[in-house]
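Here is what each chain is made of, one letter per residue.
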Amino acid sequence: MFNVKLLFDISKHVDKYHQNIFQRVAIISYLCKLKKNNLYYNKINTTTMKKEFPKAYEPILSEDKWYPLWLENKIFAADNNSNKEAYSILMPPPNVTGILHFGHVLNSTLQDIYIRWKRMQGYEVCWFPGMDHAGIATQARVEKELKATENLSRYDLGREKFVEKVWEWKEKYGGIIFNQLQKLGISTDWDRTLFTMDESASNAVKEVFIRLFDEGLVYKGKRIINWSPLAQTALSDEEVEFKEINEKLYTLRYYFEDSNDYLMVATVRTETIFGDIAVAVNPNDERYKHLIGKNVIVPLVGRKVPVIPDEHADPEFGTGCVKITPAHDPNDFLVGERHNLDIINTINPDATLNENAGEFAGLDRFEARKRVSKKLEELNLIEKVEDYAHNVGISQRGGEPVEPLLSDQWFVKMKPLAELALKVVQDGEIKFHPNHWIKTYEHWMNNIKDWCISRQLWWGHQIPVYYTEDGRFTAAIDEAHAREKLGLDANVALKQEEDVLDTWFSSWLWPMTTMGWMNDHKTESTPDLEKFLPTDLLVTGPDIIFFWVARMIMATEKFKGEIPFKDVYFTSMIRDGQGRKLSKSLGNSPDPLNIIAKYGADAVRFTMIFLAPLGQDVRMDVDVDAQDIPSMEIGRNFANKVWNAGRFLNMKLDQAIENNNGNSDVCIDENTLTTADKWIRSRYNTTIEKLNQSLSDFKVTEYSKMLYDFIWRDFCDWYVEIVKIQFNDADSAKQVAIAKFAIEIYEGILRMLHPVMPFITEELWHLLSGKDDNETISTQATPMPNNTHIDSNIEDKLALVQNIVEEIRKLRSSTSIPPSQKLPVAIAIKENAIREVFSEAKNVIAGMAKCSELEIAESVEKPSSSLSSVVREIEIFVSLGDAIDLDKERERLEKEIARLEGNIRACEKKLSNEKFVSNAPADVVAYEKEKLDSMKESLLKVKDNLANL
RNA sequence: GGGCGAGUAGCUCAGUUGGUCUAGAGCACCUGCCUUACAAGCAGGGGGUCGGGAGUUCGACUCUCUCCUCGCCCACCA
């Protein structure tokens, strides 16, 4: 037998252990164990019960308790064999090197809200998680570590050993972000986690490459590409960012071969003159027309090069003459192609100058620029030097300026893929939220360029192309397959392409690889694909609309003939108080885990969506030094409010049952419901409807705001306060009914709240229902509105009651009478129907507005020494006795008269405007008339009250 | 240069097809409260010529034009 006394003692001291989370967890798990064995709920005295419902919500206890239970009970597991309608989301795979940042927090919360909401709606829900191998980032990371620990470069190790090292690193550190994400409480089907380098995914990658190759959509070509000297690899256009940099613009003298005249040519990059092969002028430029065909001498180099006509030269810019360096400028390369010019490469892959630079060979490009410029100056070949701000391409990963470099690379022809992908978005088959992103998408699709997919890295999918010694090649699964395709004997030696594929080349297959497409070069369809493709929603940042979203649409259309997802939700960017993007390099982002530890996962989730409107950036008051985001209090305070409402209702129910001699079997009788009861029920159903609608419309912020307002304002501020009063007026059986009724509403709102605040709602649901730990709120049904309970008439009536209560409070607070002192109040209401409601709610009004006595009648005599107010023709008198300050009251009433008169004038003016009366809709005119009458009536009463003061 | 978005209270933002808006909320601020869940709370209060200008309309925060400011994306001229 367990010892109740011991348990009581332990829980009594929970607060003392407040500083020690581990001890608290231990105690709670002990309590849980007891609860599991059904030992505590019925048998422990009320003092101990209260300990189960601490005064403040303690997130860590719920978080550590429920997540493991959800996993254990396989709540997140999806069944592709189920009869239920499917709902699925693909998690944007975080980088294997990634650690949790606030982008993930927002993104994951949004996905989890939809996943949980749909799960509760009875869908077969699957959230596919996974991780990206992140070629450049991961390789750089491991290289750095290798250097630091063993002082080795990847070349020292060799390709095979190095790749092994990366795998080791991945096994050791790769999963960190998943553990971090679990702290957020997200409900992904972890058993389906896919890594983009897994064999199944790699097979699909190969398959796609081979198919595109065979179709001629993948080709190898010598092109100017963006070269990253740091990573020593090609980059795609999307991996280059442009940044304005201040540099010097040198105007150089290019002398004619046969005279002392010269052309002036401007350049920033003096170190590239070794690759100069021509000077271009615009063919229509009158200044230079006659010089076309002549030769000039490249300064310092001494090479004779022709003056050629080309549209590329802009007469408006600079001198109108451009030096042409095909090997180191994409535009010059095109000029070179048009004029059949030689190409002289002068820069090495590590961005040092090569032998073509003569005495400058071996120098880094920037050092070389300084030295070349100096030398040019010494030789008096510089006309002038100016400060010059221009955009320079920067490697997104390494941050160094990219070098345009001519090299052999693999490309995907994008035009044919883009057509269908553009159509499905334009036709609305795929919807963007917010939909203005369509324009950006269209622009990119219409101007799409071929995609450079080869990377000179070791970590990634090695391109499945095999070469014979004599230079023939094909794309194939393996050597045998290649020999078969090339018609070669088994003994012919083959060599595989050394380059690997761009990481996005595996990411764009994500909708298919997560579901097992071509995992073995054979399987076109799987139960997952049949059940879950197309997925329903993609939640991602607009920054990867080209990298990922567009390409997934292309690939899935191309290879599956389907759209990958139906809706795309583009998230907000998280910024700091100064509007800067939160980023590691700026060091302006606190660790989300610290914030979660401080405020609780639910609070963080709630605050994030509360603050992050669809499609607009969010500014947050981050404090990195303190590792704090004070606005997270919104969510924490709200969680606490929800918690305390539950705690209070639970307490009331216990009390009621105790008063009712332990009999809890009391049904709620429709006939005994008060106006307030019907009001909260109506508000509840109205709110439920709107909440579901908001989520359907992807208005998640609206959803959070409505929950906040309903729970805090309607339910807590008004209904729970009313319940207190109704409780006092009821017999014990009725008390049980009242508490149960309130709890029923509360339980519904918990279910509606669960998608955004999973932990606290789970905890409260169990505390209130006494359900076994292995049951969960996350599979209970989403509340649906009961339209027969929506009654706008009742809502209006109670709104009027609220107005009156507020008005009485306002009158009171204009005095210095303490809130605890109750005052006599009289209310005159002419309209019968309203008066009835007020009479029924008499005790409620008296309680809420602190009335010692309350008279409600068709007309009342103005009590002496009273404050008065008129609201919608209802007169209110609050008797003050000696405490009244007549001057103050007179002043107040005069102000009110002035206000009313002003409004009446405006209203009369409007109504005397013939055009308004004839053009405005009848109901608007009627409303104005009604308003005018009402205001006139009020004015009379206020004037009367002033006179009688 | 092209495109997109935003400018509403000190701050962060709501404001649905123009009329019930005397423009709301949270935070901050001021006043009073330990009122039988919650001080992470309760009650009340002050604070905005809705970026400027023009127009359409009986009526504009809302629609049109224009200008100003800020942010993002794309392109890129040596």
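Look up a bit, the structure's there.
Okay, so let's go over this structure. Everything numeric in this text was worked out from a predicted model, so none of it was measured. (Residues numbered from 1 in each chain as written. Chains lettered and ligands numbered in written order. Predicted model: local features only at pLDDT ≥ 70, side-chain atom pairs only at ≥ 80, totals over all residues. Heavy atoms only, no water.)

1. Comments concerning the protein's contact with RNA strand B
Right, on to step 1. Taken together, 61 residues surround RNA strand B, and among them Phe 317, Asn 331, Tyr 388, Asn 644 and Arg 899 come closest.
Right, on to step 2. Among the atoms of RNA strand B close to the protein, meaning within 4 Å, 56% are from sugar or phosphate groups.
Right, on to step 3. Within the side chain of His 390, one N or O atom sits 3.2 Å away from a phosphate oxygen of RNA strand B.
Right, on to step 4. Sorting elements by how many residues they give to the surface near RNA strand B places helix H22 (residues 633–659) first, with nine residues. (Near = heavy atom within 4 Å. Polar contact = N/O pair within 3.5 Å; in protein donor to acceptor, adjacent residues only side chain to side chain. Helix = DSSP H or I, 4+ residues; strand = E, 2+ residues; numbered from the N terminus.)

2. Overview of the pairing of strand S26 (residues 823–828)
Right, on to step 1. Burial runs high along S26: five of the six residues are buried.
Right, on to step 2. The sheet contact formed by S26 and strand S27 (residues 851–857) spans five bridges and is parallel. Bridge pairing links Ala 828 to Ala 857 in S27.
Right, on to step 3. With four bridges connecting them, S26 and strand S29 (residues 874–879) associate as antiparallel partners. Looking at S29, one finds that Ala 828 is bridged to Glu 875. (Buried < 20%, exposed > 50% of the residue type's maximum accessible area, 1.4 Å probe, protein only. Pairing = 2+ DSSP bridges.)

3. Overview of the pattern of salt bridges
Right, on to step 1. Taken as a whole and judged by the stated rule, the model has 54 salt bridges.
Right, on to step 2. Among the salt bridges present, the one from Lys 558 reaches Glu 215, with a minimum N-O distance of 2.7 Å. With a gap of 343 residues between them, Lys 558 in helix H19 (residues 545–560) and Glu 215 in the loop between helix H10 (199–214) and strand S5 (218–228) connect regions that are remote in the sequence.
Right, on to step 3. With relative accessibility at 48%, the residue Glu 215 sits in the partly exposed group.
Right, on to step 4. Taking the shortest distance from any N to any O, the salt bridge between Asp 617 and Arg 575 comes out at 2.7 Å. Of this pair, Asp 617 sits in the loop between helix H21 (601–611) and strand S25 (618–619) while Arg 575 is found in strand S24 (residues 574–575), placing the two residues 42 residues apart along the sequence. (Salt bridge = Lys/Arg side-chain N within 4 Å of Asp/Glu carboxyl O.)

4. Brief notes about the sheet that holds strand S20 (residues 494–496)
Right, on to step 1. Strand order in the open sheet formed by three strands is S19-S18-S20, and the pairing between neighbours is antiparallel. Looking at which strands have only one partner, the edges of the open sheet turn out to be strand S19 (473–475) and S20. The sheet shows a mean angle of 25° between the axes of neighbouring strands, direction not considered.
Right, on to step 2. The sheet contact formed by strand S18 (residues 465–468) and S20 spans three bridges and is antiparallel. Along S20, the bridge assignment pairs Tyr 467 with Lys 495.
Right, on to step 3. Together, S18 and S19 form the strand contacts of H10, whose direction differs from that of S19 by roughly 125°.
Right, on to step 4. Packed on one face of the sheet, helix H15 (residues 479–486) meets S18, S19 and S20 and runs near 120° to S19. (Axes fitted to C-alpha atoms, helices over the stretch in contact; angles between N-to-C directions. Contact = heavy atoms within 4.5 Å.)

5. Some remarks on empty space enclosed by the protein
Right, on to step 1. Taken as a whole, this structure holds three cavities of 30 Å³ or more when the rule is applied.
Right, on to step 2. Surrounding the largest cavity, Ile 668, Asp 669, Thr 672, Leu 673, Asp 677, Tyr 719, Gln 726, Lys 734, Ala 737, Ile 738 and Phe 741 form its lining.
Right, on to step 3. Counting residues per element, the ones that place at least two in the lining of the largest cavity are helix H24 (700–728) and helix H25 (732–753).
Right, on to step 4. Among the residues forming the lining of the largest cavity, the class breakdown is six nonpolar, two polar and three charged. (1 Å grid on protein atoms, 1.4 Å probe; cavity = no way out; pocket = protein on both sides within 12 Å on 5 of 7 lines; lining within 4 Å. Points joined across faces, edges and corners; volume = space filled by probe spheres on them. Nonpolar A, V, L, I, M, F, W, Y, C, P; charged D, E, K, R; others polar.)

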